[in-house]
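Each chain, letter by letter, is given below.
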Amino acid sequence: MLCSSCLELSAAPAAGAPGAGAFPDNLRTGLSAFTLDNGMQVILRSERTAPVVSIQFWVGTGSADEQEQLGAGLSHFIEHMIFKGTPTRGPAEISRAISDIGGLINAYTSLDRTVFFVDLPSANWQQCFAILADALRHAAFPEDEWRREKEVILREMAMCRDNPDNEVSRLLLETAYRVHPYRVPVIGYEDVFRRLTREDLLDFFHRHYTPDNMILAIAGDIDAAAAGDFVRTAFKDFARRARAPLALPAEPAQLSPRNERRVGPHQVGRMEQAWHTVSLEHPDAPALDMLAIVTGGGRSARLVSRVVEREKLAHSIETWSFTPADPGLFGISAVFDPAQETALCAAIEDEIRAWRQGPFSREETEKARRIALNRVMQEWQTAHGQARNLASGAFYAGDPLFAQHYLQRLQQVAPADLTRAAKTYVTPAGRTSAVLLPQAAETAPAEIPPATVMPAAQKLTLTAGLPLLAMENRRLPLVNICIVLNGGLRYETAENNGITCMMAELLTRGSVGRSAARIAELVDSRGGVFTAFSGQNSFGLQAQCLADDAELFMELLAEGLLHPVFEETEVEKRRQVQLALIAQQLESPLFLAQESLRQMLFPAHPYRFAPEGRPETVTRITAQDLRAHHARLTVSGNAVLAIFGDIAPERAVALAEKHLRAMTRGPGPAVEREPPAPAIKLPAERVQLAPKEQTILVQGFPGVTLQDPRVDALNLLQTILSGLSSDLLINIRDKEGLAYFAGAIHRPGIEPGLFAVYAGIHHQALERVKQLMAEELARLAGGGARPEELDRAREQMLSRHLHNLQLNAELAQECALNELYGLGYDHSFRLEQRLRQITPADVAAAAAAIFNTQRMATAVVAPADQNRTPAADTEQTGRD
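From a predicted model like this one, the values you see are computed outputs, not experimental measurements.

### Observations concerning the nonpolar core
Stage number 1. Within the largest apolar cluster, 61 residues are counted, with the highest numbers of intra-cluster contacts made by Val307, Ile317, Phe330, Ile332, Leu344, Ile348 and Trp355.
Stage number 2. In terms of residues, this core owes the most to one element, helix 10 (residues 285–296), which gives 8 residues.
Stage number 3. Beyond its immediate chain neighbours, meaning those up to four positions away, leucine 344 contacts Met271, Val307, Leu313, Ala314, Ile317, Ala334 and Phe336.
Stage number 4. Counting 56 residues, the second-largest nonpolar core is a separate cluster that includes Ile55, Cys128, Phe141 and Met157.

Shown next, in the form of structure tokens:
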């Protein structure tokens, strides 16, 4: 799905909008916006609810602005090169220096902008700002670095071609746009990209990276006045340069339908349909956004309700409105079984005909407005979201608080406006269709210290014996409810793998009191969220809502948990969706490699499976199986409930007692294990051939339990081995250009899990990357991490921790799971204390214990001959 610029700008409700009274009225508090003498726009917002800051630089150039070098991917290449050194900082020093002080650094390139951002603890923001500003002003583009990074981007291009979601979006844009540069992929075309020179990069950088083409947004725990003085001083000698205005060609009117179809090594069908619409400032933009929400913005939306829920013609479907700076698109995205394509297209056409004929109900439009409001609340929870929102408003509309005005325009949209928008834009002649199908299915077309102390969580016990974690946080009028239960893969066998995932999802899709359709309608009408999750060790339900809807969502969660019906129609619908998810997983070479690794490390343990299951097991799960599995796991001694947010603990207790008192009492069930299978002799290696362009290498070792005292040290090791500043990535990617990505996975469990390192490479580099991985692991297991590496990893982990403290939904789930797993609900709050106590010797000891090459499993997914069917597997075991 394409992102909508106007939706990402929506940040405040209009007066009188549903729920508007609940929206914070202090958005301008702490806000300062001004323009420097050199033309740079600066937006600062002080909100000291958590000791974190987000610094974002928005550069007003993207892939559509590359003019005579359109298709070369220059904007994206510049994004990569900004961190490759300045006259005063060498390659890798920029990202490493930021990581050392806890900064989480990243960047992205889009059609019309390039954004660089860092989220970090507030105590270090000025130091981090200076580093990032130096990179943006003085990027040096070292000769050897740009050549290596060119190879890295070629690996990224291969990765994009291996991603069918990316491919179908690319196909849509290049079909819908014939003249406008939006037709060109952001990363560029490989043949054009290969011809780029260092001089091309330097010229483009000096033309576009000027202060009058930048927006700086800083939000979080800052003093806005002092920050303004700091920024003025920092940029007093950053002079603007002459820059020619850009004039992008207008896209001619589309006079007839366009259809493009491609086949490839895919497991499911994907379809994008789109119509040309308007740019952000057009008066019809709000109506198109509302039309997208009403027709495909939730389970009870028109298209979803019919195509997915009732007629089961697609695994998923959604509508979207993309209104960037130039005229955009209104679209429909679907994932489906290729056999259903004709019926799916007919149903979509029938729905569109109904949109054009009208009428839309007032209830639908009011529900859409509330959904928009709830999305806004999520955005404003974090410093990162605030900085992004303010910069976006300034970039697209020249007003940091444009979101307020946009929602006022949304408030004026009436049901008749939706019908008019559909008639005007969603026309038969204007349709562009892009379809991606599996090879065999080709058919006819048819996201240091705190300035304010965090609220304290507390543990209570309900009458039924269920533990309740409560934390009151009045910052935003949101309530998050989460219940977690022991379950997941540990309670599954080779015969029923996937049953917990299916069961958990069905808890949201029908109870004794309400049908699946009624639940979806209620959730969407209140703009809330009601979802399920399932993993290796647990499953659960989460609800998020505005504070005045807390009782309704507590009731929905309790009914789903205690009184599900597992209605046959819903079971079958979920089965088809889960089978589609499994098929999509099999399209990912990284998933295939990790699956192969799990089978080697856990041959006799359910951790070898994926939570979604396998086609043969999911196909035979019955409603009776689901009821039995649910009854076995849903007891008070097997669960923990958390209620966090704008709700007093006393109120949380009252709601939980009222709606969960009927929960069956008793201890959690014992794990029943299938007979052990013969262990695979380690070390071992498996090579799987797949119709992909990149090779994936994953090397893993038996890991530890969540209770193991080495977990934190191993988490530090994972951080040391991951990210732009890691020696692993620098050695493989930056120094030799052999990979686009590399990193580590640490997955402890209730029972011993795994630790792994991975990389995406070209196949000729396989043996060299194995060697570099082995050298890095040996270094860490021998002498251990360097002091600066350990300090950097520690600060990165603490920085992520501080950011998570801003999100009640994440925090509620994390605290509940920690309590469930016996770590204590306050385990996360003690993270800093634990990390500060870990020494280099602790990390070295953990590495030496885990990185044992005699206990290593290696999984490789390599490109196969496209004409060879099926792909071959090879296996080597017991290698010395």
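### Remarks on the sheet that holds strand 16 (residues 538–546)
Stage number 1. The strand order across the open sheet built from 6 strands is 12-13-17-14-16-15, with neighbouring strands paired in mixed fashion. Both outer strands of the open sheet, strand 12 (458–461) and strand 15 (529–534), are each paired with one neighbouring strand and no more. Neighbour to neighbour, the strand axes of the sheet diverge by 15° on average, direction disregarded.
Stage number 2. Here strand 12 pairs with strand 13 (residues 467–472) via 4 bridges, running antiparallel. Across the sheet, the residue bridging to glutamine 458 is alanine 470, located in strand 13.

### Notes on helix 4 (residues 125–138)
Stage number 1. A rise of 1.5 Å per residue sets the reference length of helix 4, with its 14 residues, at 20 Å; its end C-alpha atoms lie 20 Å apart and thus fit the reference within 8%.
Stage number 2. Among the residues of helix 4, those classed as buried are Trp125, Cys128, Phe129, Ile131, Leu132, Ala133, Asp134, Ala135, Leu136 and Arg137.
Stage number 3. Elements that come into contact with the buried residues of helix 4 comprise strand 3 (52–59), helix 3 (93–100), strand 5 (114–121), helix 8 (198–208), strand 6 (214–220) and helix 9 (224–234).

### Section: the packing of aromatic side chains
Stage number 1. Under the defined criterion, the tally for this structure stands at 24 aromatic pairs.
Stage number 2. Aromatic side chains tyrosine 177 and tyrosine 182 sit 5.6 Å apart centroid to centroid with 90° between the ring planes, which places their arrangement in the edge-to-face category. Of the two residues, tyrosine 177 and tyrosine 182, neither departs from the other in class, the shared state being buried.
Stage number 3. Seen from their ring centres, phenylalanine 395 and tyrosine 396 are 4.9 Å apart, and the 80° between their planes marks the pair as edge-to-face.
Stage number 4. Ring pairs connect the aromatic residues Phe57, Trp125, Phe129, Phe230, Phe235 and Phe238, which therefore count as one cluster.
Stage number 5. Taking the ring centre of phenylalanine 193 as reference, the NZ or CZ of lysine 150 above it sits at 6.0 Å.

### Thoughts on unusual backbone geometry
Stage number 1. Put simply, glycine 358 and proline 359 share a cis peptide bond, and its omega is 0°.
Stage number 2. With respect to the helices and strands, the residue proline 359 is situated in the loop between helix 12 (341–357) and helix 13 (362–379).
Stage number 3. Cis geometry is found at the peptide bond from leucine 682 to proline 683, where omega equals 5°.
Stage number 4. Residue position: proline 683 is located in the loop between helix 24 (649–660) and strand 18 (684–690).
Stage number 5. Its identity as a non-glycine residue notwithstanding, glutamine 67 has a phi of 50°, on the positive side.
Stage number 6. Looking at glutamine 67, the relative accessible area reads 37%, which means it is partly exposed.
Stage number 7. Despite not being glycine, alanine 92 has its phi angle at roughly 80°, a positive value.
Stage number 8. Residue placement: alanine 92 occurs in the loop between helix 2 (74–81) and helix 3.

### Concerning the packing of helix 25 (residues 711–720) against helix 28 (residues 787–804)
Stage number 1. At a closest axis distance of 9 Å, the pairing of helix 25 and helix 28 adopts a crossing angle of 100°. Looking at the two axes, helix 25 sits roughly perpendicular to helix 28. Every residue of helix 28 that contacts helix 25 at Asn715, Leu716, Thr719 and Ile720 is listed here: Glu789, Leu790, Ala793, Arg794, Gln796, Met797 and Arg800.
Stage number 2. For the contact of helix 25 with helix 28, the residue count by class is 5 nonpolar, 3 polar and 3 charged.

### What about the state of the cysteines?
Stage number 1. Enumeration according to the criterion identifies 0 disulfides in this entry.
Stage number 2. Looking at cysteine 501, it has no disulfide partner, and the nearest cysteine sulfur is the one in cysteine 482, 16 Å off.

### Considering the environment of leucine 303
Stage number 1. Relative to the helices and strands, leucine 303 is located in helix 11 (residues 302–310).
Stage number 2. Along the chain, leucine 303 and glutamate 190 lie 113 residues apart, while their C-alpha atoms are 37 Å from each other.
Stage number 3. Not counting chain neighbours up to four residues away, the residues in contact with leucine 303 comprise Thr295, Val308, Ile317, Thr319, Ile332, Ile348, Glu351 and Trp355.

Thresholds, definitions, all that
- Residues numbered from 1 in each chain as written.
- Predicted model: local features only at pLDDT ≥ 70, side-chain atom pairs only at ≥ 80, totals over all residues.
- Heavy atoms only, no water.
- Core = buried A, V, L, I, M, F, W, Y, C linked by side-chain atoms within 4.5 Å.
- Buried < 20%, exposed > 50% of the residue type's maximum accessible area, 1.4 Å probe, protein only.
- Helix = DSSP H or I, 4+ residues; strand = E, 2+ residues; numbered from the N terminus.
- Contact = heavy atoms within 4.5 Å.
- Pairing = 2+ DSSP bridges.
- Axes fitted to C-alpha atoms, helices over the stretch in contact; angles between N-to-C directions.
- Expected span 1.5 Å × (residues − 1).
- Phe/Tyr/Trp six-rings, centres within 6.5 Å; stacked < 30°, edge-to-face > 60°.
- Lys NZ or Arg CZ within 6 Å of the ring centre and 35° of its normal.
- Parallel < 35°, antiparallel > 145°, perpendicular 65-115°, else oblique.
- Nonpolar A, V, L, I, M, F, W, Y, C, P; charged D, E, K, R; others polar.
- Disulfide = S-S within 2.5 Å.

Such coordinate-based values are descriptive only and should not be taken to indicate function.
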